Amino acid sequence: MLETILSLKGVLLEGLGATLYMVAGSTIFSYLLGLPLGVLLYTTGKGGIHENLPLNRALGWIVNIGRSIPFIILIIALIPFTRLVAGKAIGPTAAIVPLVIGAAPFVARLVEQSLQEVDTGVIEAAKCMGATRLQIILQVLLGESLPSLIRGLSITAITLIGYSAMAGTVGAGGLGDIAIRYGYYRYQTEVMLFTILLLVLLVCLIQFLFGFTANRIDKRNRS
Amino acid sequence: MIQIENLTKIFHSAAGEVTALREVSFSIEDGDVFGIIGMSGAGKSTLLRCLSMLEQPTSGRILLDGVDLASLRGKQLLAARRRMGVVFQGYHLLMQKSVRENVAFPLRLAGVRRAEREARVDELLELVGLADKANAYPAQLSGGQRQRVAIARALATNPQVLLCDEPTSALDPLTTRQVLELLRELNQRLGVTIVVITHEIAVVREICNKVAVIDAAQFAEGGRTDEIFAKPASSITRLLLGVEGGRKHA
Ligand SMILES: Nc1ncnc2c1ncn2[C@@H]1O[C@H](COP(=O)(O)OP(=O)(O)OP(=O)(O)O)[C@@H](O)[C@H]1O
Ligand SMILES: [Mg+2]
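Everything quoted here is computed from the prediction, not taken from an experiment.

Conventions we followed
Residues numbered from 1 in each chain as written. Chains lettered and ligands numbered in written order. Predicted model: local features only at pLDDT ≥ 70, side-chain atom pairs only at ≥ 80, totals over all residues. Heavy atoms only, no water. Phe/Tyr/Trp six-rings, centres within 6.5 Å; stacked < 30°, edge-to-face > 60°. Buried < 20%, exposed > 50% of the residue type's maximum accessible area, 1.4 Å probe, protein only. Helix = DSSP H or I, 4+ residues; strand = E, 2+ residues; numbered from the N terminus. pLDDT = per-residue confidence, 0-100. Salt bridge = Lys/Arg side-chain N within 4 Å of Asp/Glu carboxyl O. Near = heavy atom within 4 Å. Polar contact = N/O pair within 3.5 Å; in protein donor to acceptor, adjacent residues only side chain to side chain. Areas by Shrake-Rupley, 256 points an atom, 1.4 Å probe, with all protein chains shown as cover. Expected span 1.5 Å × (residues − 1). Bend = angle between axes of the 7 residues up to and from the residue. Contact = heavy atoms within 4.5 Å. Buried area = accessible area lost by both parts, 1.4 Å probe. Pairing = 2+ DSSP bridges. Axes fitted to C-alpha atoms, helices over the stretch in contact; angles between N-to-C directions.

As for the packing of aromatic side chains
Here is step 1: Under the definition given, this model contains five aromatic pairs over all chains.
Here is step 2: For the ring pair Y184 of chain A and Y185 of chain A, a centre distance of 5.5 Å and an interplane angle of 65° mean the geometry is edge-to-face. Each of the two residues, Y184 of chain A as well as Y185 of chain A, counts as exposed.
Here is step 3: Between F208 of chain A and F212 of chain A, the ring centres sit 5.9 Å apart and the planes meet at 20°, which makes this aromatic pair stacked. Here F212 of chain A and F208 of chain A lie together in helix α11 (residues 189-217), a separation of four residues that amounts to about one turn.
Here is step 4: According to the relative accessible area criterion, F208 of chain A is exposed, its value standing at 54%.
Here is step 5: When its relative accessible area of 46% is taken as the criterion, F212 of chain A is described as partly exposed.
Here is step 6: Taken together, the aromatic side chains of F26, F34 and F219 of chain B make up a single cluster linked through ring pairs.

Written out as C-alpha cells, the structure reads:
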C-alpha cells in the first residue's frame, strides 16, 4: 500500500497543490462577490440603513436561485462563460469560475446571517454619534461580526473543498480527479482512501485554524 | 435650549395605530438636569428617540437652539447629532472593542486625530472613574461600569445635551447613587444639560431641578421639581409620589 502511495508521490502532491489553489482562489473571489452582496442583503432589508425592499427582494431571488442549482450542473452550464473568463474550460484555474459562481450566493447568506447577529441598538447608538452609513457598515457591522464572519469563512472553505473535488471529476485536476482516475478507473482503492484521508485532514486543519482564530479574537469571551 | 412643540408620534403596526405621544409641549433649558417621568408605556422612550432623531415626529416640532431637528440633512444632521450625547438603557457598547476604543469611537467617526483622541479618552475615563479599565472589554465589566463607559462615550464629542434613558433601572441602590452623583457632577463641572428618563421618583428627587410628567402619551404637568413634588396637580404625579388621592392606575 505504502509503495503505491510513494510511487504516486508526485501526482498526489500536485493534486493537493491544485486543490489548495482552487480552494484558496475560489474562497477569495467568492468573498469579493459575496461579502458586498451579503452586506447589501442586510442593509436593504426592512429597517436597514439603506432600506429598499424591491432591491432587497430582487437580490434575495438571485441568491436563492444561485443556491438552488446543483453544483455539478452549474459547472456544465457555465462552460461557455468559463471559456470567456478563463480562456479555457479545463484545469484548476478554469474551475475557479464555477466554484465562485456557486459559492458567492452561499457566502452572501452567511455574511447576512453574521450581520443579523449584531445588536441593532449598537447601530442606533452609532447613528446617534453621527456615523455615516459607510462608517456603520465598516466599523460597526463588519467590526462587531468579525468572529462570526471568520466562522463563516471556514464553512465556505470547507464547502469549497467538497465542490473542488466534484469539479476535479470533470477535468479540474486536484485530489478529486486523482480519486476518480486511480481509485475508480484503475481499482487502486488505497489511492482513493489516501485522497480521502488528505481531504479529511485538510477539513480538520481549516476547521481548527479558523475556529481557533475566531474564538481568540472574540472579545465577548470574558477571559 | 430644547423646545418640544405639540409633539405627536403615531406608530402604525399590523395590530393598528398606537399613539405613543399626543401633543406634548415643554422646554428644557440649558444647564438643566431635566427629569422625564411616567409609567411604563407612557411614551418616555419614544420621546427620547424623537429627541435623538431616531424617530421622525408624526407632527409637531423639536427645536434645538431654535433649529427644527426635522429640517436637518447631511452634514448639519451629523453635526447636530454630535451636539447631543445619548446613553441608552442597554448601554449598546461595541462588544468587540475595548473600553478605550469605545470611548474613542465617536471621535474617530468625527475624524479627530489620534493623539488628540487619546488625550481626550484619558481625560474622559478619568472623569467617570474608569482609568484603570481602559484596556478591558465590555464583557469583562459590571453593569455600573458599562454605564460609565456609555456615559464617557456620549460625552466624547463635548455635547451640549446628554440624553439618558433609564440610566439606573438596571443598577443596585449603591451603584444607582454613584451614577446619579456622576451625572450631577458632570452637569456642574461641564455645564452639560442632562435629560434623564426614568420611572423612579427617587431619581428625579435626587438630581433633577426640573421635571415633566408624562401619562398615557400626554404631558400631565411639569416645572420645578420642588414645586411639583410639594403640590402635585395631576393624579398621576400623586400616584407616582405615593400620595393619598392618586387615582388608581391599571
Ligand atoms: N416601534 C413601535 N411600533 C409600535 N408601537 C410602538 C413602537 N415603539 C413604541 N410603541 C408603543 O408606544 C407606547 C410607548 O412606548 P415607549 O417605549 O415610549 O414607553 P416607555 O414610557 O418608554 O415605557 P417603559 O417605561 O416601559 O420603557 C407603547 O404602547 C408601545 O407599545
Ligand atoms: Mg422605555
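A few points about the confidence of the model for chain B
Here is step 1: Averaged over every residue, the pLDDT of chain B is 93; residues scoring 70 or more account for 97%.
Here is step 2: At the level of chain-chain contacts, confidence expressed as ipTM amounts to 0.90, with global pTM at 0.90.

A few points about the pattern of salt bridges
Here is step 1: Under the counting rule described, the total for this entry stands at 19 salt bridges over all chains.
Here is step 2: The shortest N-O distance in the salt bridge between R151 of chain A and D218 of chain A comes to 3.8 Å. On the criterion of sequence distance, the pair formed by R151 of chain A in helix α9 (residues 146-172) and D218 of chain A in the segment after α11 is long-range, its members being 67 residues apart.
Here is step 3: Judged by relative accessible area, R151 of chain A falls into the partly exposed class, the value being 32%.
Here is step 4: With a shortest N-O distance of 3.0 Å, R120 of chain B and E123 of chain B are connected by a salt bridge. Taken together, the residues span about one helical turn, with R120 of chain B and E123 of chain B both in helix α4 (residues 114-127) at a distance of three residues.

Looking at the site of ligand 1
Residue and element names in this part refer to chain B.
Here is step 1: Contacts to ligand 1 come from F11, V18, A20, M39, S40, G41, A42, G43, K44, S45, T46 and E166.
Here is step 2: Between ligand 1 and G41 there is a distance of 2.7 Å, counted from an oxygen atom to a backbone nitrogen or oxygen.
Here is step 3: Within the contact set of ligand 1, an oxygen atom lies 2.8 Å away from a side-chain nitrogen or oxygen of K44.
Here is step 4: When the free accessible area of ligand 1 is taken as 640 Å², the share hidden by the protein chains comes to 61%.

Considering helix α6 (residues 92-116) of chain A
Here is step 1: Helix length check: α6 of chain A (25 residues) gives 35 Å between terminal C-alpha atoms against 36 Å at 1.5 Å per residue, within 8%.
Here is step 2: Along α6 of chain A, the helix axis deviates most sharply at A103 of chain A, where the bend reaches about 30°; the proline P105 of chain A sits within four residues downstream.

Some words on the interface of chain A and chain B
Here is step 1: Facing 24 residues of chain A, the contacting portion of chain B comprises 25 residues.
Here is step 2: A combined buried area of about 2,200 Å² lies between chain A and chain B, and 57% of that area is made up of carbon and sulfur atoms.
Here is step 3: For the chain A face of the interface with chain B, the top three residues by lost area are C128, M129 and K219 of chain A, together amounting to 31%.
Here is step 4: Run the count over chain A and chain B and you get one salt bridge.
Here is step 5: A salt bridge links R49 of chain B to E124 of chain A; the shortest N-O distance between them is 2.8 Å.
Here is step 6: Counting across the chain A and chain B interface gives nine residue pairs in polar contact (both at pLDDT 80 or more).
Here is step 7: Those elements giving two or more residues to the side of chain A that touches chain B turn out to be α7 (120-128) and α8 (133-144) of chain A.

Brief notes about α11 of chain A
All names here are of chain A.
Here is step 1: End to end, α11 covers 42 Å across 29 residues, agreeing with the expected 42 Å (1.5 Å per residue, within 8%).
Here is step 2: Among all positions in α11, only V191, T195, L198, L199, L202, I206 and A214 are buried.
Here is step 3: Residues of α11 that are buried make contact with α1 (2-7), α2 (9-43), α9 and α10 (175-185).

Details of the sheet that holds strand β1 (residues 2-13) of chain B
Residue and element names in this part refer to chain B.
Here is step 1: The antiparallel open sheet is built from four strands, whose spatial order is β2-β1-β4-β5. Either end of the sheet is taken by a strand with one partner, and the two such strands are β2 (16-28) and β5 (67-68).
Here is step 2: Sheet strands in contact with helix α1 (residues 44-51) are β1, β2 and β4 (59-64), and its direction is about 115° off that of β1.

What about the pairing of strand β6 (residues 84-87) of chain B?
It is a general feature of regular strands that their side chains alternate between the two faces of the sheet.
All names here are of chain B.
Here is step 1: Residue alternation in β6 divides its side chains into two sets, M84 and V86 and G85 and V87, and both sets are buried.
Here is step 2: By the bridge criterion, four bridges tie β6 to strand β7 (residues 161-165) in an arrangement that is parallel. Residue pairing for β7: G85 is matched across the bridge by L162.

Overview of the pairing of strand β3 (residues 33-38) of chain B
Residue and element names in this part refer to chain B.
Here is step 1: Counting buried positions along β3 yields six of six residues, so the element is predominantly enclosed.
Here is step 2: Of the two faces of β3, the one lined by V33, G35 and I37 and the one lined by F34, I36 and G38 are each fully buried.
Here is step 3: As judged from the five bridges shared by β3 and strand β8 (residues 193-198), these two strands associate in the parallel manner. Along β8, the bridge assignment pairs I37 with T198.
Here is step 4: By the bridge criterion, five bridges tie β3 to strand β9 (residues 210-215) in an arrangement that is parallel. Its bridge partner being in β9, G38 is matched across the sheet by I214.

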